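# Coordinates in review
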Amino acid sequence: MKLKFRVCALVLVLILLAGGCGLSQEDFVPTTVLGDTLFDSGLLPIRMGDRWGYVNKTGEVQILPVYHQARAFSENLAAVFSGTAWGYLNTEGEMKLEAQYDEAGDFSMGRAAVRQGERWGYIDAKGKMKIEPQFEEAGKFTLDGVAVAKKDGKYGLINNTGKFVVQPEYDEMGPFAYGYAAVRMGDAWNFVDLRGQRLLDVSAEEVGNFSYNGLAAVKIGGLWGYVNQKGDIAIDWQFKDVQGFSVNNLAAVTMGDGWGYVNKDGRLVIPPQYDSAMPFAQGVAVVEQDGKFGLIDAAGEFIAKPVYDAMSGFMNSDRIRVEKDEKAGYLNGNGVDVIALGFAEGCANYFYDDGFTVVKAGGKYGVINFAGQYVINPRFDEIGFANYEM
């Protein structure tokens, strides 16, 4: 489901690319979300030739590459495409759920969205259809036990029995998090809770997700501000553009004269001075100055000078991807070059929580560890259910 609302959350991979860089990262995005492991259930989908299989952490093939497509494991099951239909494998390579679906998603909270014909429903891990196919689109279930679903052209929220807890009346709907989902009806944006109650008394032009601190960015009258979870104004409408709040309670903002950072009270703590700025993560933030990118600390001091052509805006496991002179590598949170700029063909934007990431060399894909050492030499045509073409 493609959404147009402003996503202000640190779970996104935010990429800053300078014009004319040699390494395009647009398609080099692993499908597993940040916070996941690369080797879900200890296995990683790989492509050899035109077929997909799975390898373990040493690169040994555990499930032969015989499938046309293969997704990462989720809740110990992986969706694979046989050429005619989708089914689910277990970690032993046994087809636990017969290939019978036109499309198949990942498991989450004991449910997986599957499509039969033109409609989506949900199955459990035994293959029982728990929610009959009836939706035009179906999202993953969250920890709150709800999923975004589209019916009769409109979006709402369903529970794990398929009942709409928020009626399908919206033209767009974001994921449910921190008590609310962003919704659009016509040109007006708002937030709804699990009772379907709208938060704002006025219509917004755009909105962001709520951050962990209970604030969300809202655009009204052409300017951005922030509201709290009661719908009250927390920071007045005054900014031309904004980012979401990070864990250190700072948010990047601009009034048109450069980017700086405000705290949750709206006080400017880092003056506007950057061409662009990303949210803080693990105490540092990526900023752009004079067409180059660097890292600053919470005081606005550079800990890695702006000398890089590109930087990822998210740092996971104390590593951040950088690019210079058409080569990529990684810095740590102190701005120290810990994995040298040696990847001329590309590397993933971040490290996964299990300490691995994907790199490309010699036209093939491999995996390196936290120290930059190969654990799987580049020999696969693709890794992960994604398009890595550069």
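Look a little higher up for the structure.
As a starting point, this report considers the structure included with it. Please read these numbers as outputs of a predicted model, since none were measured by experiment. (Residues numbered from 1 in each chain as written. Predicted model: local features only at pLDDT ≥ 70, side-chain atom pairs only at ≥ 80, totals over all residues. Heavy atoms only, no water.)

Per the secondary structure count, the chain includes zero helices and 39 strands. Evaluated residue by residue, the chain yields a buried proportion of 50% over its 390 residues. Long-range pairs, those at least 24 residues apart, make up 36% of the contacts in the chain between residues at least 6 apart in sequence. As presented, the chain carries roughly 16800 Å² of accessible surface, and 46% of it is formed by carbon and sulfur atoms. (Helix = DSSP H or I, 4+ residues; strand = E, 2+ residues; numbered from the N terminus. Buried < 20%, exposed > 50% of the residue type's maximum accessible area, 1.4 Å probe, protein only. Contact = heavy atoms within 4.5 Å. Areas by Shrake-Rupley, 256 points an atom, 1.4 Å probe, with all protein chains shown as cover.)

Glancing now at the packing of aromatic side chains. Taken as a whole, this structure holds 16 aromatic pairs when the rule is applied. Judged by centre distance (4.9 Å) and plane angle (65 degrees), the rings of tyrosine 122 and phenylalanine 141 are edge-to-face. Residue tyrosine 122 is found in strand E11 (residues 119–123), and its partner phenylalanine 141 is found in the loop between strand E13 (137–138) and strand E14 (147–151); the two are separated by 19 residues along the sequence. Pair check on accessibility: tyrosine 122 and phenylalanine 141 agree, each one buried. Of the aromatic side chains, those joined through ring pairs into one cluster are Tyr122, Phe135, Phe141 and Phe164. (Phe/Tyr/Trp six-rings, centres within 6.5 Å; stacked < 30°, edge-to-face > 60°.)

The element strand E21 (residues 216–220) is extensively covered by neighbouring structure, given that four of its five residues are classed as buried. When strand E20 (residues 206–210) meets E21, the two strands line up antiparallel, connected through three bridges. Its bridge partner lying in E21, valine 207 is registered against valine 218. Between E20 and E21, which pair antiparallel and follow one another directly, the connecting turn spans five residues, one of which, glycine 214, has a positive phi of 85 degrees. Bridging between E21 and strand E22 (residues 223–227) involves five bridges; their strand directions are antiparallel. From the neighbouring strand, alanine 216 faces E22, where its bridge partner is valine 227. (Pairing = 2+ DSSP bridges.)

Once that is clear, we can look at the nonpolar core. Leu38, Phe39, Leu44, Val367 and Ile383 are the most contacted members of the largest nonpolar core, which has 15 residues in total. Counting only elements with at least two residues in this core, the list comes to strand E2 (44–48), strand E36 (356–361), strand E37 (364–369) and strand E38 (374–380). The residues contacting leucine 38, other than those within four sequence positions of it, are Leu43, Leu44, Tyr352, Asp354, Phe356, Thr357, Val358 and Val367. (Core = buried A, V, L, I, M, F, W, Y, C linked by side-chain atoms within 4.5 Å.)

Taken in spatial order, the four strands line up as E28-E29-E30-E31 in an open sheet, and their pairing is antiparallel. One side of each edge strand has no neighbouring strand; the edge strands of this open sheet are strand E28 (276–277) and strand E31 (302–308). Where E28 and strand E29 (residues 285–289) come together, two bridges link them in antiparallel fashion. Within the sheet, the bridge partner assigned to alanine 277 lies in E29 and is valine 287.

This part takes up the pairing of E14. E14 sits mainly inside the fold: four of its five residues count as buried. Bridge analysis of E14 against strand E15 (residues 154–158) gives five bridges, and the strand direction is antiparallel. Paired with alanine 147 across the bridge in E15 is isoleucine 158. Where E14 folds back on E15, the antiparallel hairpin that results is connected by two residues, among which aspartate 152 adopts a positive phi of roughly 55 degrees.

Evaluated as defined, the whole model comprises 16 salt bridges. For aspartate 106, the salt bridge goes to lysine 140, with nearest N and O atoms at 3.6 Å. Remark: lysine 140 occurs in the loop between E13 and E14 and aspartate 106 occurs in strand E9 (residues 103–108); sequence separation between them is 34 residues. Residues aspartate 309 and lysine 292 are paired through a salt bridge, measuring 2.4 Å at the closest nitrogen-oxygen approach. A residue pair is termed long-range when its members are at least 10 positions apart, and aspartate 309 in the loop between E31 and strand E32 (310–312) and lysine 292 in strand E30 (residues 292–296) qualify at 17 residues. The exposure class assigned to lysine 292 is partly exposed, which follows from its relative accessible area of 31%. (Salt bridge = Lys/Arg side-chain N within 4 Å of Asp/Glu carboxyl O.)

A few words now on the environment of valine 114. Examined against the element boundaries, valine 114 turns out to sit in strand E10 (residues 111–116). A residue is classified by how much of its surface remains accessible, and valine 114, at 0% relative accessible area, is buried. For the pair valine 114 and glutamine 100, spaced 14 residues apart in sequence, the C-alpha separation works out to 9.6 Å. With residues up to four places along the chain from it excluded, the contact list for valine 114 reads Tyr88, Tyr101, Glu103, Ala104, Arg119, Trp120, Gly121, Ile123 and Met129.

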